[in-house]
Amino acid sequence: MIMEKRLEVKSFFHKFIFCTLAAGVFGFNLSSFIRAGNLIPGGFSGITVLVQQICRHFFDFELPFSAIYLPLSAIPVVIGFKFIGKKFTLWSLYVLVLSSVLTDVLPRITITYDVLLIAIFGGILAGIAGLLSLGAGASGGGTDFISIYFSEKKGIDAWNYILAGNIAIILCAGILFGFDKALYSIIYQFTTTQVLNAMYKRYQ
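Residues numbered from 1 in each chain as written. Predicted model: local features only at pLDDT ≥ 70, side-chain atom pairs only at ≥ 80, totals over all residues. Heavy atoms only, no water.

Undergrad: Just give me the short version of a nonpolar patch on the surface, but keep the residues and values in it.
TA: On the surface, a cluster of nonpolar side chains totalling about 660 Å² of accessible area is made up of Leu163, Ile167, Leu171, Ile175, Phe179, Leu183 and Ile186. For the nonpolar patch, the secondary structure elements donating two or more residues are helix H8 (159-177) and helix H9 (179-199). Here Leu163 is to be found in helix H8. (Patch = residues over 30% accessible without salt bridge, like charges linked within 9 Å, V, L, I, M, F, W, Y side chains within 5 Å. Areas by Shrake-Rupley, 256 points an atom, 1.4 Å probe, with all protein chains shown as cover. Salt bridge = Lys/Arg side-chain N within 4 Å of Asp/Glu carboxyl O. Helix = DSSP H or I, 4+ residues; strand = E, 2+ residues; numbered from the N terminus.)

Undergrad: Kindly report on the environment of Val105, identifying the contributing residues and their values.
TA: Tracing the backbone through its elements, the reader meets Val105 in helix H5 (residues 86-105). Look at Val105 and you get exposed, because its relative accessible area is 56%. (Buried < 20%, exposed > 50% of the residue type's maximum accessible area, 1.4 Å probe, protein only.)

Undergrad: Please set out the packing of aromatic side chains residue by residue, giving values where relevant.
TA: Going through the model one piece at a time under the given rule, you end up with 8 aromatic pairs. When the centroid spacing of 6.4 Å and the interplanar angle of 10° are considered together, the rings of Phe12 and Phe16 count as stacked. Placement of both Phe12 and Phe16 in helix H1 (residues 2-37) is noted, with a separation of 4 residues, approximately one turn of the helix. Overall, Phe12 belongs to the partly exposed group, its relative accessible area being 43%. Taken together, a centroid distance of 6.1 Å and an interplanar angle of 75° make the contact between Phe28 and Phe33 edge-to-face. The class for Phe28 is partly exposed, based on a relative accessible area of 26%. Of the residues examined, Phe33 reaches a relative accessible area of 10% and is grouped as buried. Following the ring pairs from residue to residue traces out a cluster consisting of Phe12, Phe13, Phe16, Trp91 and Tyr94. (Phe/Tyr/Trp six-rings, centres within 6.5 Å; stacked < 30°, edge-to-face > 60°.)

Undergrad: Tell me what's going on with the side chain of Thr103, and back it up with residues and numbers.
TA: For Thr103, the location among the structural elements is in helix H5. A polar side-chain atom of Thr103 sits 2.7 Å from the main-chain carbonyl oxygen of Ser99. With sequence-adjacent residues up to four places away left out, Thr103 is seen in contact with Phe26, Gly27, Leu30, Ser31 and Phe65. (Polar contact = N/O pair within 3.5 Å; in protein donor to acceptor, adjacent residues only side chain to side chain. Contact = heavy atoms within 4.5 Å.)

Set out below in structure tokens:
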């Protein structure tokens, strides 16, 4: 009994540390690399960054990341609670909320102004953050809930649909802000995917 308790406590701290690190890397990547390169990540974070850029460029108004990302993620979180698992969803919600808050409050540090370097190393950081989350039995994004749900519960590979959504987001960004940044965003997303595929196979 005591041994079981110790294992539970150890597992809890393992998940807490990994999820906190994942959220920190997510937040730093979004506030520094993505912002510096004006890139568009995938999924709901991509929609959020695109809305932020539209508000900043056309309305001279800075909308907080968390004000958009958290409401967008509400439905996937409900799907996670109902169909995937409460523990997985709760830890994922922790990553999601903490990374959103950190994106807004962390100082924006510009590591480099070279957009290609930003796309490559930003993509690597996003992949590492995803690996940390998955390694702790959690996730960092809303589309992950959707893809896992369709994969495990429906036997459907949702990757093509998510890819189509990402392409639509990038096309919108290209039309509004120029296709050079859109093409760099593709490099960013490709790098992220390659890191995840190379290091973590379960939810590829």
